[in-house]
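Structural characterization, general
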Amino acid sequence: MRIGTDIIQITRIEKLINKYGDTFKKKYLLDEEIYRAKTIASLAGLWAAKEAIAKALGCGICSELTFQDIIISKNHRGAPYFILTSKAQKRHNIIDSSLSISHDGGFAIAVVAINTA
């Protein structure tokens, strides 16, 4: 099992969005993720989640695993989960995972546990 975590100050994401707008969002999020994220705190949580996933996989965000390779969604109960694009899944071979995202006190945090084959 591999574990990854990331924490980010929500105002950091807010400043980047104010400066670059949708260009910044589209650099790290897919259209459906942008649509679902209604607040800056939610956007920061998605950033933290993708960073935590990359850390758990041991590669970080790079050519081997881009922000666009990670797709974050919610199940019928509203709990977050992720999948990888088929290219990234072949490389990382995830067989099971769990993702938690939270935000409070000006910070967003994400923790992920991943089992690979």
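Okay, so let's go over this structure. Small disclaimer: the values here were computed from a predicted structure and weren't measured.

The subject of this paragraph is the packing of helix α1 (residues 10-20) against helix α4 (residues 40-56). At a closest axis distance of 9 Å, the pairing of α1 and α4 adopts a crossing angle of 105°. In terms of their interaxial angle, α1 and α4 are classed as roughly perpendicular. The segment α1 lies against α4, with Ile10, Arg12, Ile13, Glu14 and Ile17 engaging Ile40, Ala41, Leu43, Ala44 and Trp47. A breakdown of the residues in the contact of α1 with α4 according to their chemical character gives eight nonpolar, no polar and two charged.

Of all hydrophobic cores here, the largest spans 35 residues; its most connected members are Ile13 and Phe82. Listing elements by their share of this core, those giving two or more residues are α1, α2 (22-28), α4, β2 (70-74), β3 (80-84), β4 (94-104) and β5 (107-116). Residue contributions to this core peak at 11 residues, all from α4. Ignoring sequence-local partners within four residues, the contact set of isoleucine 13 consists of Ile8, Phe24, Tyr28, Leu43, Ala44 and Trp47.

In this section: the packing of aromatic side chains. Per the counting criterion, the structure on display carries five aromatic pairs. With a centroid separation of 5.9 Å and an interplanar angle of 25°, the aromatic rings of phenylalanine 24 and tryptophan 47 are classed as stacked. Of this pair, phenylalanine 24 sits in helix α2 while tryptophan 47 sits in helix α4, and the two are 23 residues apart along the sequence. For phenylalanine 24, a relative accessible area of 9% translates into the label buried. Note on tryptophan 47 and phenylalanine 67: the rings are 4.9 Å apart at their centroids and 40° apart in plane angle, and the pair reads as tilted. Taken together, the residues tryptophan 47 in helix α4 and phenylalanine 67 in the loop between α4 and β2 connect sequence positions 20 residues apart. Owing to a relative accessible area of 11%, tryptophan 47 belongs among the buried residues under this scheme. What makes phenylalanine 67 buried here is its relative accessible area of 12%. Above the face of the tyrosine 35 ring, lysine 38 is positioned so that its terminal group lies 4.4 Å from the ring centre.

What follows covers the side chain of serine 73. Topologically, serine 73 is positioned in strand β2. Assessed through its relative accessible area of 18%, serine 73 is described here as buried. Ignoring anything within four residues of it in the chain, the contact list for serine 73 reads Arg36, Ala79, Pro80 and Tyr81.

Conventions we followed
Residues numbered from 1 in each chain as written. Predicted model: local features only at pLDDT ≥ 70, side-chain atom pairs only at ≥ 80, totals over all residues. Heavy atoms only, no water. Axes fitted to C-alpha atoms, helices over the stretch in contact; angles between N-to-C directions. Helix = DSSP H or I, 4+ residues; strand = E, 2+ residues; numbered from the N terminus. Parallel < 35°, antiparallel > 145°, perpendicular 65-115°, else oblique. Contact = heavy atoms within 4.5 Å. Nonpolar A, V, L, I, M, F, W, Y, C, P; charged D, E, K, R; others polar. Core = buried A, V, L, I, M, F, W, Y, C linked by side-chain atoms within 4.5 Å. Buried < 20%, exposed > 50% of the residue type's maximum accessible area, 1.4 Å probe, protein only. Phe/Tyr/Trp six-rings, centres within 6.5 Å; stacked < 30°, edge-to-face > 60°. Lys NZ or Arg CZ within 6 Å of the ring centre and 35° of its normal.

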